[in-house]
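Single-letter residue listing:
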Amino acid sequence: MKLVLPGVEYEQSFREYQKELLVLGRSATEMDSERLFNESADFADFVMKLRAGAEGRFLPEGHVPHTRYWLVEGGKFIGGVDIRHRLTDHLLKSGGHIGYAIRPSERGKGYGNKILELALPKAKELGIMSALVTCRKDNVASAKVIEKNGGVFEDTNIDADGVVRLRYWITIK
Ligand SMILES: CC(C)(COP(=O)(O)OP(=O)(O)OC[C@H]1O[C@@H](n2cnc3c(N)ncnc32)[C@H](O)[C@@H]1OP(=O)(O)O)[C@@H](O)C(=O)NCCC(=O)NCCS
């Protein structure tokens with residue numbers, strides 16, 4: 001199992017994952033993928049645009065550069081993680097440095113813990129020594145993932161839409 005930059009060799013598996021999302025809600029990482037996918041001419045163009053996010057390109061207005069990695073097992077797409085290169089006021093209150101999602105059919109198998117574990121050294125490569133990671137208060141699985149990876153709870157924030165969010169800092173070793 002490893003984190004890789006998005007690649008065309010995962011097209012078939014990624015498309016199967018997208019079908020799983022049709023029946024379930026999407027997280028921020030998944031919605032961003034969907035936005036870029038819908039704006040892309042083909043899968044290679046989509047992958048190029050995903051990768052260009054690290055240079056601050058093809059991002060929504062006001063978004064800072066982020067590096068997207070995919071968690072893969074063999075040729076299978078398992079999940080995605082975004083590492084935001086710096087915090088904005090909004091990210092400081094709500095989104096944090098790292099956002100992740102595991103494909104619906106692979107949840108509850110330990111991949112959530114793994115994707116954050118693998119993302120932390122990648123964040124460190126970007127100069128992030130202490131990562132802010134947040135989750136909705138009702139997202140029990142995500143709170144466990146953060147705590148298992150060394151998250152120290154700071155406080156809660158109430159988002160503009162009324163969602164209560166837990167804020168944690170992880171000191172990256
Ligand atoms: C949150 C998410 C990434 C967790 O991924 P996952 O692969 O299911 O997580 P894991 O299998 O590694 O489980 C992590 C922990 O949560 C627990 N857990 C998993 N699903 C759970 C559930 N539905 N309710 C309660 N606990 C749960 C596991 O038992 C595990 O606990 P442990 O480490 O003490 O054993 C996944 O549910 C997901 O992609 N959700 C949609 C997107 C999202 O919410 N992203 C996070 C935004 S902050």
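Cut-offs applied
Residues numbered from 1 in each chain as written. Predicted model: local features only at pLDDT ≥ 70, side-chain atom pairs only at ≥ 80, totals over all residues. Heavy atoms only, no water. Pairing = 2+ DSSP bridges. Helix = DSSP H or I, 4+ residues; strand = E, 2+ residues; numbered from the N terminus. Axes fitted to C-alpha atoms, helices over the stretch in contact; angles between N-to-C directions. Contact = heavy atoms within 4.5 Å. Patch = residues over 30% accessible without salt bridge, like charges linked within 9 Å, V, L, I, M, F, W, Y side chains within 5 Å. Areas by Shrake-Rupley, 256 points an atom, 1.4 Å probe, with all protein chains shown as cover. Salt bridge = Lys/Arg side-chain N within 4 Å of Asp/Glu carboxyl O. Buried < 20%, exposed > 50% of the residue type's maximum accessible area, 1.4 Å probe, protein only. Phe/Tyr/Trp six-rings, centres within 6.5 Å; stacked < 30°, edge-to-face > 60°.

**Student:** What exactly am I supposed to notice about the sheet that holds strand E4 (residues 98–102) here?
**Tutor:** Sheet strands associate in pairs through backbone hydrogen bonding, adopting either a parallel or an antiparallel arrangement. Across the sheet, four strands lie side by side as E1-E2-E3-E4; this open sheet has antiparallel pairing. Two strands bound the open sheet, and with one partner strand each, they are strand E1 (2–4) and E4. Strand-to-strand twist of the sheet, defined as the mean angle between neighbouring strand axes without regard to direction, takes the value 25°. Across the sheet, helix H5 (residues 111–125) is in contact with E1, strand E2 (66–73), strand E3 (76–84) and E4; its angle to E4 comes to roughly 150°.

**Student:** Sorry, what's going on with the sheet that holds strand E5 (residues 130–136) here?
**Tutor:** If you trace the three strands from one edge of the open sheet to the other, you get E5-E7-E6, paired in antiparallel fashion. Both edges of this open sheet fall to E5 and strand E6 (152–158), since each of them pairs with a single strand only. Each strand axis lies, on average, 25° off the axis of its neighbour in the sheet, ignoring direction. In this sheet, strand E7 (residues 164–171) lies alongside E6 in antiparallel orientation, the contact comprising six bridges. Bridging across to E7, threonine 156 finds its partner in leucine 166.

**Student:** Would you mind going over the pairing of E7 with me for this structure?
**Tutor:** In the case of a regular strand, side chains alternate between the two sheet surfaces. Judged from the seven bridges that link them, E5 and E7 form a sheet pairing that is antiparallel. Bridge pairing in E7 links valine 133 to tyrosine 168. With antiparallel pairing between neighbouring strands as the criterion, E6 and E7 make up a hairpin whose turn holds five residues, including glycine 162 at a positive phi of roughly 90°.

**Student:** Where do I start with a nonpolar patch on the surface in this structure?
**Tutor:** Taken together, the side chains of Leu22, Val23 and Leu24 define a hydrophobic patch exposed on the protein surface, amounting to about 330 Å² of accessible area. Structurally, the position occupied by valine 23 is in the loop between helix H1 (11–21) and helix H2 (28–38). Its relative accessible area of 71% is what places valine 23 among the exposed residues.

**Student:** How do you make sense of the packing of aromatic side chains when you look at a structure like this?
**Tutor:** The relation between two aromatic rings is expressed through the spacing of the ring centres and the mutual angle of the planes. Scanning all chains against the criterion turns up 13 aromatic pairs. When the ring of phenylalanine 14 is compared with that of phenylalanine 43, the centres are 5.7 Å apart and the planes differ by 65°; the resulting orientation is edge-to-face. Taken together, the residues phenylalanine 14 in helix H1 and phenylalanine 43 in helix H3 (residues 43–52) connect sequence positions 29 residues apart. With relative accessibility at 2%, the residue phenylalanine 43 sits in the buried group. Pairing phenylalanine 43 with tryptophan 70 gives two aromatic rings, centres 6.5 Å apart and planes at 50°, and the pair type is tilted. Within this pair, whereas phenylalanine 43 is found in helix H3, its partner tryptophan 70 is found in strand E2, the two being separated by 27 residues in sequence. The same class applies to phenylalanine 43 as to tryptophan 70, namely buried. Of the aromatic side chains, those joined through ring pairs into one cluster are Tyr10, Phe14, Tyr17, Phe37, Phe43, Phe46, Trp70 and Phe77.

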